[in-house]
Structures are given as C-alpha cells and as structure tokens.
Amino acid sequence: MKPILHAKNISKTYGKKGTAAYTAVRDLSFSMNEGEFIGIMGPSGSGKTTLLNMVATLDPVTEGDITIDGVSVSAMTEDQLSDFRAERLGFIFQDFNLLESMTVFENIALPLSLRNAEVEEIQDRVLQVSGIIGIGELLENYPAELSGGQKQRAAIARALIHEPALLLADEPTGALDSRNAETLLDTLAELNAVRNVSILMVTHDPRSASYCSRVLFIKDGKLDRELVPSGTREAFHQEILTVLGDLDRRSGAGGRA
Amino acid sequence: MILKLALTGMRKKRRDYLILFTGLIISVAVFYMFLTMSLNKDFIARNSVINHIQPVFLVGTVLLSVTTFFYLFYTNSFLLSLRKKEFGLYGLIGVKKQQIGRVFRLETLVITIGALVIGLALGVLLSRVVSWLLMSGLDVGFAEFKVIYVPAVMWTAVYFLIASFITSSVHSARLAKTPIIELLRSDVQSERVVKKPTLTALQTMLGVLFLGIGYLSLYFMEQLRFIGLFTAPVTTTAGTYLLFAALLPVIVRKWKRNKKANLRGINAFTSGQLNFRLSSLKWVLATIAMLIALSAGAIAGGFAFKNDAFLSIDRSWQYDAALYNPGSAEIALLATIPLQEQNSFHVKQDDTYLYYVREELNAAPPLVTDWETYRVVRPEPLPENMKIEDDYQIIPDNWVAALETINPALAGTKSFRIVPLEQYERITGEEVSILLARTADFSAYLQKWQALEELQNDVYSTMMPGFDPKTDAVTSKYSQFKSQYALASGTFFMGFFLGLAFLTMMASILMFKILSGAANDIRRYDSLRKLGVRRKLLENSISREILIVFLFPGVLGLMHVLVGMRLFSFILQEPYYRLWVSILIFLAIYGGYYFFTVHLYRKIVLSHQ
Ligand SMILES: Nc1ncnc2c1ncn2[C@@H]1O[C@H](COP(=O)(O)OP(=O)(O)OP(=O)(O)O)[C@@H](O)[C@H]1O
Ligand SMILES: [Mg+2]
C-alpha cells in the first residue's frame, strides 16, 4: 500500500501571533494510504474544516508538515500548488462554491477546461458524470436557479469529473435528503472501490461515516480516536454512534456542543 | 453615537468613498478654476484681452455645475445603495429612520467638506498653472490676477454644499420611505440570470438606424443646418442607448456559444462574468459612451478653435499691417520682415470726410475678398465719374472693402470721398500716409506685429485725441487677432478642462460601478483559487474582463467624436485640427483609469492569496 498523504505534527493558529490567537488544530498527525476512504468526525468548531483546508493546500500549516504523494506541500511554490490542486485533487466544499456567473455545465466542465481538454471529451464527460449524479436536466441553468441539494450535486460532479487522485469532501451530504445522500455515498464508495480514488470526507452524519474504511474523531483540534470497521456497515454505524455518545458525554460539562 | 455610527460605516466602505472622492475633488478644482477666471474683477476690468475670455469661462461654469449636480446625485445614490443593508440593520436594532437619515446626510456633508478643502487647494494650483499658460500664450501680464480669490472660494463652497445637501436630502427621504425588510434584503438580491433576448433584433435594427441617421446628419451638417442640429444629438443618443441595450448581451452570448473557445481555461468564467456585468452596466456604459464623446469633443473643439484664430484672421485681413505715418523706427522694423508686398497710400481728413486719391488707388489696388465669389481679388480700376447719392459716394463693393483694408483705423469714423489728384491737392486738412504690408505668413512674425503696434500707439495718440493705449485698441489685424486669439485660448482652456472634468467624473463612475461589485466577486475568485487556477490566469481574466467593459463605450464614444467634429464645420475651418492630440489625452486618462481599476480590483478580489 502506497501512502498518499502524511500529516506530521501539524498545527493551525488563527489570528496574529500573540494577540487573541486561536489554535484550531494542534499537533495532529495521521497518514492515509492510496485507496482509503477516511471519515473525519467531531463536534462543530473542532477543527475539521481547518484540517481539510490544510490537506487541500488551501491554508498553510502554522507548524508541522504535510506530504502528499511524497512531495512536501510546504516546499511547493504557489503555482505548483495550483497545478497540484487542479490535477490531483477534487473538492466538495461545505458551501458548494459554485460560480454563479457560469452555467451548471460550465461549472462542472471547469476542471477539464483548465487542462485544455478537447471540447468533445469535455461534453462527453460532463454528460456522463451529471447523469450519474442526477442533474442531467439542469446543465444549462445557472446555480441561482438550483435548490440547495441540486447545487451540492453539481459541486460533486465538478469534483469528480477529472478523476482526481484524492477527493476531499466537507459534509457532502449536509444538504441532501436521506435517499439522495445514500445515492451519493454509494457513488463515492464505488469510486473508491472500483477506481481506487482516495477519499477524505468530513461529516456529522454517522450513517455517512459508516461508508468509510476508517473514521478519525477530532476534538478541540486534536485527534481523539480512530475507528476501523470490523463487521458489517450497520455494526460500524452502531460503533460510531457509541463513540460519538462518549465524546458528547466527556464534553457535556461545559464544552462546546 | 450617531457620529460614531457614521464614521465606522464610512471606514468600512473606505475604498468606495475614496473613488467617489477623487471625482469630487477634480470637479471642485475645475469649478473653482472656472470661477476665478470669470470672477476676478480687477483683473478683468483692467484687461481688454481678458474681457473676451470671461464669458467663455462663465459658460463653462454653468455647464460644469449642471453636470456636477448630476454626478453628485448619481454617486450619492450609489453610496446609499452600498449602505442599505447596514442601515436596515440599524433599523432592526431600533435606530429611528430620521436618525439614520441624519447619519447619511452627515456623511455626505463630511465627504463634501473634505473634497472642498482638497479640491480648493488643487483648484488654486490649477488656476496658477492655467493663468500662467494663458499669460505666456497671450503675451499679456496678469499682474492683478489673484489665484486665491475669496468670492470664488465662497461660491464654490456654497454650490457644493447646497448641491450635496439637496442630493443627500432627496436620498434620505427615499430611505425613510423604504421598509426595513427591503433594506435588509437589498444585499441578498442575487444577480439574476440574464433575460432571454426579446425584441433584440428590432432594438438592434432601430439602434443602427438611429445611429446612422445621427451620423448622416452630423456629416451633412452644413446642408441640413438647424434640422441637423436637432436630429444629430437626439438620434445619436437614442442609437447609442439602443445598441448598448440590445447588442452587448447578444455579443457575449455569441462568444459563449463558441464552445471551443468558451471551454478553454477559465474563459467560461470570464465570459460569464462579462455577461452579468455588461447586462447590469449597459445603461451606465451607454451614458459613458455619450460622455466620452462630449469630453473628447470638448477637448478637440478647444484645439480646433485655437487653430481657427489663425485661419480666420487671414481670411478677413489680407494685409498684416497698416502703418499710419510710419517713422524711421517702424520702417527699420519692417525692413527686418520679409514682405511680399507693400504699398503706400495717402488720406486727408476734414471734419466730415476722408479723402482718397483716385490715381493712387488705381495705381495699386489692394487685395480684398470678393464677397460674392469669396475669392481674393484686386478691384477693377475706379470709373471716372462716381455719383454721389444722399451724401454717399457710389463705388463698387470691392472698393469699399479696399478702403477699409487701406485705412482700418479710420474707415469707420467718417464718410469717404475718392477724388482726382488735382482736387485732392487743393483740399485743406490733415494728411496721413498709410503703409500696407503683407507677408506670406502672418503667424510667423507675431512679435514684430506687436512691436509695430506699440510704436504706432504714439501716432494713434496724436491722430485721435483721447486715445489711451492702456484701455483702447485701434482696429488692426494684430489687435483683432489678439482678441480673437484670447477668445480662442479661453475656449481652448475651457474645452480642455471641461473635457477633463467630464472624463474624470465618468471614468470614476465606471470605476466605482465595477469596484462596488468586487465584494461579491471575492468568493468567486477564491473558489477558482481553491479549484487550482493559477493566480496569473485569474489576473489575466480580470484584465480582460475589465478591458472589454472599458472598450465598448470607449470605441463608440470615439466614433461619435470622429463623426461629431463635423458639427463644428459651421464655425470652424478645420474642425479636425489636431484631433489626435485630444484622442491621445483621452486615451491616456481613460487608460490610466483602466489600469487603476484593474489594480484595485485585483487587490480586492485576490488580496488574501
Ligand atoms: N479564518 C479563521 N479565523 C479565525 N478563526 C477561525 C477561522 N476559521 C476557523 N476558525 C475557528 O477555528 C475553529 C475550527 O473551525 P472549523 O471551521 O475547522 O470547524 P469545523 O470543525 O469545521 O466546524 P463545523 O462542523 O461547524 O463545520 C472554530 O472555533 C473557528 O471559529
Ligand atoms: Mg466545517
């Protein structure tokens, strides 16, 4: 198994050094192998998005180092980082990040356009992916004309179209009903199983987390616990619920909800 | 409390205010300059040349105050729209509408006062420069000219304070009528999708038709005359607005339809941005195209007027100097000028008549412009018998012109009699000799004509009792040239600074419009960055997008100017004289604004990267 991601003692401190600084992630380490489907869970404000952003090379780490595909992120120039994101990473953001001035088609096509792919290839891929995700009828609409769930699906289509090596998802099912959520998770699981796409997914939803091959629990910016499925998905679901209940109980006396 | 609210609110929108501020400062400065030029009493009264310029600057002041008022009104409504949401929040926490209105008026007042202070300082500097330029250009001393002129300062302050009071009152009244919920929502209104084209074909056709009629009437101005004066501005303006409304969205949609280009890099993003921008800005852009035409036209008109002073003086004066009783000083000076022709004439005058010698006139008939053929000719020899009717000697028209040419200073003062030599010799009366001189190029020897004029002042004083060279001027080519040139220079400066003021105002409106949308774009550019778009690509996308927004009105506006300068063919011989200079000035200012806008825009949307 080839390691794809290695985070070593990373910390993230917001705010100016000294005055009112807030450390969102502290001294966290973990590794991810190629083909893994990792879930990240934790209470709101525990630093999940912050962690994802650092892995996504969007936010520099304050301390520590992140290595992706054997390359240290801190050693890359800004342009290299851009190219790296465009070629190797796919994003599903917590707040969609669709571009309002472009049609859904153009939004989904963007990662391929950035590589200057052929028009025919772009069209085929967009039709294919949007068909899978179930927004084939909305391609000529603008994001402003879509519902929250439809926007999210468009964002997912955009994240998948260029078959990234590492897919980063921040609560991809947050705005979906349970049936749509299931479809999406099945899609992700299939991508992971068939195409060996590595997925790192932040989620609040235990059912979503049960699709993962490993779940990391984060609390107050620190890695609290790790969970690997030992039996069926349903059993894993129950295990996750137990751990979450435990986490809640420990922080129940005054911590953040 | 209210003051604090106002200040924090302004600090948040510092950038938008700054842009508005620059436009305001420039208009205050130009306004003040126009006023000092037209109001400086002592300076005007003592200076016969400046007398001619004064009304020009007054006209400029009126024009400027009208446009400035609209500018203030427009920008003030922008300011309000920027702050609507914030004001809605104040309303939500229980601040009264009246208080919010007061906050807004106070803000506007503070800005106006700030702009007045800086603008007046700049205006003083500008007046200094302009008066110096006028002085050296016209060869007159401006000893009495006061750069800091209190009444002008006062009137500028009064005008801007009143105008800002009116505009902010109107807008705060409008604010009071808006329900809080609407204020709160005003930010949310998502940029709607561009409407599908309806009637665009008809609109485009009408636009082209109107513009065509406008251009044709400008081109055939001389034939159409007053009909043209009406149709040209109306149809050109209508055509411009129609074209911007109909054509711009169509063009962008065409771009987008070209899949191959559109799906390359972030072209889809750029054209999508443009699509939104052009459709939300089309009225502003059309207005800007018209203002560009006006301002570049004003600058070009100024140049053409100045040039025309030389052309028209040569048209009405064939001889560059007519020297009365020239003494040795005049003869010596004249000898230094290469002359094409010189002739001497004699005139005797008594209480009622000026007498000319027929033989002398016939021997050397002077060049005159024939008013029927507009050709420069020498009149046919005078007939033997010239009848006298009603005490008026009947002679050919060209000879009347010839007598005025020979004797410009006195011809208008008395009736004339052309008499044979023998009769002339018997007339008792004071005799003057007049030396007519003509060169190939009047404008090449201006200093010499001026020197001759000064020498002649002594002669004038003895010839015409009560003549005071300080206040009076005798009709001569040089003196007429001087006042025409002063007028033309005044027009030139007015056109130049009016154009400059228009241009800065409208460019700042465009800049303001673009930048006020930038806040919404921060997220978009951030998304692109997250998706792995290189910074360089984002920067290029911004330059291209804004370039096109600037380009459309710029091109159409310049086209208007190119055709529109025909308008001046009414009064000017060469309306296109040095048009390139004004186009260059326009390009420099407009280009400067473009780069500045791109710079600021990049700073706003790409800053945190
Ligand atoms: N740009 C920032 N500047 C300062 N503090 C920040 C910034 N971004 C996040 N934080 C803080 O860091 C902490 C972690 O934020 P983060 O967004 O990572 O939480 P999260 O685990 O994703 O929460 P949620 O589940 O609600 O999305 C929070 O307390 C937040 O207030
Ligand atoms: Mg989050």
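Below you will find a few notes about this structure. (Residues numbered from 1 in each chain as written. Chains lettered and ligands numbered in written order. Predicted model: local features only at pLDDT ≥ 70, side-chain atom pairs only at ≥ 80, totals over all residues. Heavy atoms only, no water.)

**Thoughts on the packing of aromatic side chains**
- Counted under the stated rule, the structure contains 22 aromatic pairs over all chains.
- Connected via pairs of aromatic rings, a cluster forms that spans Phe 310, Phe 442, Tyr 445, Trp 449, Phe 481 and Tyr 485 of chain B.
- It is Lys 259 of chain B that lies over the ring of Phe 105 of chain A; its NZ or CZ is 5.9 Å from the centre.
- Directly above the aromatic system of Tyr 424 of chain B lies the positively charged group of Lys 348 of chain B, at a separation of 4.7 Å from the ring centroid. (Phe/Tyr/Trp six-rings, centres within 6.5 Å; stacked < 30°, edge-to-face > 60°. Lys NZ or Arg CZ within 6 Å of the ring centre and 35° of its normal.)

**Some remarks on the pattern of salt bridges**
- In the structure shown here, the tally under the stated rule is 22 salt bridges over all chains.
- Here Arg 534 of chain B and Asp 79 of chain A are joined by a salt bridge, their closest N and O atoms 3.5 Å apart. Of this pair, Arg 534 of chain B sits in the loop between helix H19 (518-530) and helix H20 (535-564) while Asp 79 of chain A sits in helix H2 (residues 78-88), placing the two residues on different chains.
- A relative accessible area of 33% places Arg 534 of chain B in the partly exposed class.
- Owing to a relative accessible area of 30%, Asp 79 of chain A belongs among the partly exposed residues under this scheme.
- Among the charged side chains, a network of salt bridges with common partners joins Glu 36, Arg 214 and Glu 226 of chain A. (Salt bridge = Lys/Arg side-chain N within 4 Å of Asp/Glu carboxyl O. Helix = DSSP H or I, 4+ residues; strand = E, 2+ residues; numbered from the N terminus. Buried < 20%, exposed > 50% of the residue type's maximum accessible area, 1.4 Å probe, protein only.)

**Quick look at the site of ligand 1**
Residue and element names in this part refer to chain A.
- Near ligand 1 you find 15 residues, and of these Ser 44, Gly 45, Lys 48, Thr 49 and Thr 50 are the closest.
- Between a nitrogen atom of ligand 1 and a side-chain N or O atom of Tyr 14, the distance comes to 3.5 Å.
- At a separation of 2.8 Å, an oxygen atom of ligand 1 approaches a polar side-chain atom of Lys 48.
- For ligand 1, the accessible surface in isolation is 630 Å², of which the surrounding protein chains cover 63%.
- For the shell around ligand 1, the secondary-structure elements that each account for two or more residues are strand E2 (22-33) and helix H1 (48-55).
- The element contributing the most residues to the shell around ligand 1 is H1, with 3 residues.
- Residue composition of the shell around ligand 1, grouped by class: 4 nonpolar, 8 polar and 3 charged. (Near = heavy atom within 4 Å. Polar contact = N/O pair within 3.5 Å; in protein donor to acceptor, adjacent residues only side chain to side chain. Areas by Shrake-Rupley, 256 points an atom, 1.4 Å probe, with all protein chains shown as cover. Nonpolar A, V, L, I, M, F, W, Y, C, P; charged D, E, K, R; others polar.)

**A word on helix H17 (residues 446-463) of chain B**
Residues and elements named next belong to chain B.
- In this model, H17 (18 residues) spans 25 Å end to end at C-alpha, consistent with the 26 Å of a helix rising 1.5 Å per residue.
- Of all the bends in H17, the greatest, near 30 degrees, is centred on Gln 456.
- Taken together, the buried positions of H17 are Trp 449, Gln 450, Leu 452, Glu 453, Gln 456, Asn 457, Val 459, Tyr 460 and Met 463. (Expected span 1.5 Å × (residues − 1). Bend = angle between axes of the 7 residues up to and from the residue.)

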